[in-house]
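Here is what each chain is made of, one letter per residue.
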Amino acid sequence: MGKDLFGNVLIDMKEPTLLYKQKDHAIYWLGITDDTAFRCNAYLIVDGEEAIIVDPGSRNHFEQVKKRVAQIMDPESITGMILCHQDPDVAASMVDWLALNPKTTVFTSPRTMVLLPHYGVGHFTAFDIEENPRYELPSRRVLSFITAPFLHSPAAFVTFDESAHFLFSGDIWAALTTEWDLVTKDFEQHALNMDLFHIDYMASNVATNGFVNKIAHLEIDAILPQHGSIIINDDVPAALNYLRTLRCGTDISYPELG
Ligand SMILES: [Fe+2]
Ligand SMILES: [Fe+2]
C-alpha cells in the first residue's frame, strides 16, 4: 500500500466514507458523526454477498449507522457483526440489528458471548472467534481474529483483514479528542489523546507489550480503532511502540509492584 493511503479521502458526514476497495471487497467508515470526545467508529466490510459491521455501536446511534449502511446496501442484508467485546458503545445496537435481520451472525469471543444476552436478545447465530480464528469471505479473502487479553476486556480481540492489511483494533489505540480527524495528522499529539483512554482502561504493560509481540509478524497498513483517528503509514510502527512502552492500569495503581 502506497504512502498516500487515504491521502485523497474526503469525508462527507452525510455519506459513508470508502476507505478501501479492490474488486468485490470494500471497507467503509460509517461514522458516527456526533462531535464528541468519545466518538465511536463503526466500520463495514463488504465482500460479495456478505456484509459485516465492525463494532456497530450504541443503540443511540443505530438509526445513524443504519442510514449510512442504507446508502451502500439494504441494511436488512447485513450478514454479520463483529463485537470486539461486550461494552454498550460497541455492542448495544446488536438488539436493533438482530431485529432487522435475525439471521445475522455475531462474531465474538466466548466470554463476550455469555454476556450479550443481557442486552435482551434471544437466540442468535454465534461465530466463536477463539475456536475459529479465521473466517473466509466469499472472495476467499480472510479475516483473522487475534485475542488481546485485558485490552481492556479480558475477552477482547482484534480483527485483521489479511488482504487489505487493515487491523480493526476495538478499544486498542483508541483516542479521546474533540479535535478529530479521520486519519492521524500529528502522532505526538495523538499519543497524548490515546493516553487519556489507555492509562485508565488498559490492564498493564504486560498486556500491551504481550499483545504487540503477538501481532509483530503482521504487515499492517492501517489501524482502525473504535474511538479516535485511523492510524496509517509511518504512524503504525509508532503506534506499536506506543503500546510497548506504555505504563497503564495496574502499573499505575500499584507502582510499588512494577
Ligand atoms: Fe470498551
Ligand atoms: Fe469503546
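Computed from a prediction, not measured in an experiment: that's the story for all the values here. (Residues numbered from 1 in each chain as written. Chains lettered and ligands numbered in written order. Predicted model: local features only at pLDDT ≥ 70, side-chain atom pairs only at ≥ 80, totals over all residues. Heavy atoms only, no water.)

1. What to know about the coordination of the iron ion (ligand 2)
This is how the line gets drawn: In this analysis a donor is any N, O or S atom within 2.8 Å of a metal ion (3.2 Å for sodium, potassium and calcium), and since water is not included, sites may seem incomplete. Every angle between 85 and 135 degrees makes a four-donor site tetrahedral, while opposite donors more than 155 degrees apart, with all other angles between 65 and 115, make a four-donor site square planar and a six-donor site octahedral; other sites are irregular. Helix numbering and strand numbering both begin at the N terminus, where a helix is a DSSP run of H or I of at least 4 residues and a strand a DSSP run of E of at least 2. Think of it in three bands: with a 1.4 Å probe and only protein chains considered, a residue is buried below 20% of the maximum accessible area for its type, exposed above 50%, and partly exposed in between.
Note on the iron ion (ligand 2): its protein donors are D89 (OD), D171 (OD), Q226 (OE1) and H227 (NE2). The metal-donor distances range over 2.1 to 2.3 Å. Seen from the iron ion (ligand 2), its four donor atoms lie at angles of 80 to 176 degrees, and the figure they make is irregular. Mapped onto the sequence, the residues coordinating the iron ion (ligand 2) show the spacing D-x81-D-x54-Q-H. A separation of 3.6 Å is found between the iron ion (ligand 2) and the iron ion (ligand 1), which share D171 as a coordinating residue. Here D89, found in helix α2 (residues 88-91), pairs with H227, found in the loop between β12 (222-225) and β13 (231-232); they are 138 residues apart in sequence, far enough to count as distant. By relative accessible area, which is 0% here, H227 ends up buried.

2. Points about the UniProt feature "domain: Metallo-beta-lactamase" (unreviewed entry) in the protein chain
Note the cut-off: UniProt positions are given in the numbering used here, feature names are shortened, and annotations may be inferred rather than shown by experiment.
Residues annotated by UniProt as "domain: Metallo-beta-lactamase" (unreviewed entry) correspond here to residues 39-227. End-to-end, the C-alpha atoms of residues 39-227 are 6 Å apart, and along that stretch the chain is 26% helix and 24% strand.

3. Looking at the state of the cysteines
To be explicit about the condition: Counting rule for disulfides: a pair of cysteine sulfur atoms within 2.5 Å.
Taken as a whole and judged by the stated rule, the model has zero disulfides. Residue C248 stays outside any disulfide, its sulfur separated by 17 Å from that of C84, the closest cysteine.

4. Side note on the coordination of the iron ion (ligand 1)
Geometrically, a metal with four donors at the corners of a regular tetrahedron has ideal angles of 109.5 degrees, and one with six donors at the corners of a regular octahedron has ideal angles of 90 or 180 degrees. With distances of 2.0 to 2.2 Å, the protein atoms coordinating the iron ion (ligand 1) are H85 (NE2), D87 (OD), H152 (NE2) and D171 (OD). In this structure, the iron ion (ligand 1) is surrounded by four donor atoms whose angles at the metal cover 88 to 174 degrees, and the resulting shape is irregular. If you list the donors of the iron ion (ligand 1) from N- to C-terminus, the spacing comes out as H-x1-D-x64-H-x18-D.

5. Let's talk about empty space enclosed by the protein
Take a probe with the size of a water molecule and roll it over the atoms, and the empty space left behind shows itself. We apply this condition: Points on a 1 Å grid over protein atoms alone make up a cavity when a 1.4 Å probe fits among them but cannot get out, and a pocket when they form an open set with protein on both sides within 12 Å along at least five of seven lines; lining residues each have an atom within 4 Å of a point. Grid points are joined across faces, edges and corners, and a volume is the space filled by probe spheres set on the points. Under the scheme applied here, ten amino acids are nonpolar (Ala, Val, Leu, Ile, Met, Phe, Trp, Tyr, Cys and Pro), four are charged (Asp, Glu, Lys and Arg), and all others, including Gly, are polar.
One pass over the full model with this rule turns up one cavity of 30 Å³ or more. The calculated volume of the largest cavity comes to roughly 30 Å³. Along its surface, the largest cavity is lined by C84, H85, L151, H152, A156, F157, S169, G170, D171 and I172. Broken down by class, the residue content of the lining of the largest cavity amounts to five nonpolar, four polar and one charged.

6. Some remarks on the nonpolar core
Put simply, the rule reads: Buried residues of nine kinds, namely Ala, Val, Leu, Ile, Met, Phe, Trp, Tyr and Cys, make up a nonpolar core once their side-chain atoms join them within 4.5 Å. Note on contacts: a residue pair is in contact if any heavy atoms of the two residues lie within 4.5 Å.
Residues I172, W173 and F211 are the most contacted members of the largest nonpolar core, which totals 30 residues. Residue assignment for this core shows that the elements contributing at least two residues are β10 (157-161), α5 (187-201), α6 (205-215) and α7 (235-245). Once residues lying within four places of it in the same chain are set aside, the contact partners of F211 are T147, A148, L151, V158, I172, W173 and L243.

7. Brief notes about the environment of T104
Rule in force here: Contacts described as polar in this section are N or O atom pairs within 3.5 Å, which, within protein, must combine one atom able to donate a hydrogen with one able to accept it, while residues neighboring in sequence count only if both atoms come from side chains.
Position of T104 among the secondary structure elements: in the loop between α3 (94-100) and β6 (105-108). T104 sits in the buried class, given a relative accessible area of 2%. Spatially, the C-alpha atom of T104 lies 4.8 Å from that of T79, the residues being 25 residues apart in sequence. Excluding anything up to four places from it in sequence, T104 contacts I78, T79, G80, M81, W97, L98 and T125. Here the side chain of T104 touches I78 through a polar contact of 3.3 Å, landing on its backbone oxygen. There is a polar contact of 2.8 Å between the side chain of T104 and the backbone oxygen of N101.

8. Considerations on the packing of α6 against α7
Our working rule: To define axes, lines are fitted to C-alpha atoms, for helices over the stretch in contact only, and angles between the resulting N-to-C directions are given on a 0 to 180 degree scale.
Here α6 crosses α7 at 145 degrees, and the two axes come no closer than 7 Å. Between α6 and α7, the residues in contact are N205, T208, N209, F211, V212, N213 and I215 and L240, L243, R244 and T245, respectively. When the residues that make up the contact of α6 with α7 are grouped by side-chain class, the tally is five nonpolar, five polar and one charged.

9. So, the side chain of E50
This is how the line gets drawn: Under the convention used here, Asp and Glu are negative, Lys and Arg are positive, and both His and the chain ends fall outside the count. Salt bridges are defined by distance alone: a side-chain nitrogen of Lys or Arg within 4 Å of a carboxyl oxygen of Asp or Glu.
Its place among the elements puts E50 in strand β4 (residues 50-54). No salt bridge is formed by the buried E50; its nearest oppositely charged neighbour, R140, is found at 12 Å. For E50, the side chain forms a polar contact with the side chain of Y135, separated by 2.8 Å. Those residues within four positions of E50 in sequence are excluded, and the remaining contacts are I45, T79, Y135, L137 and P138.

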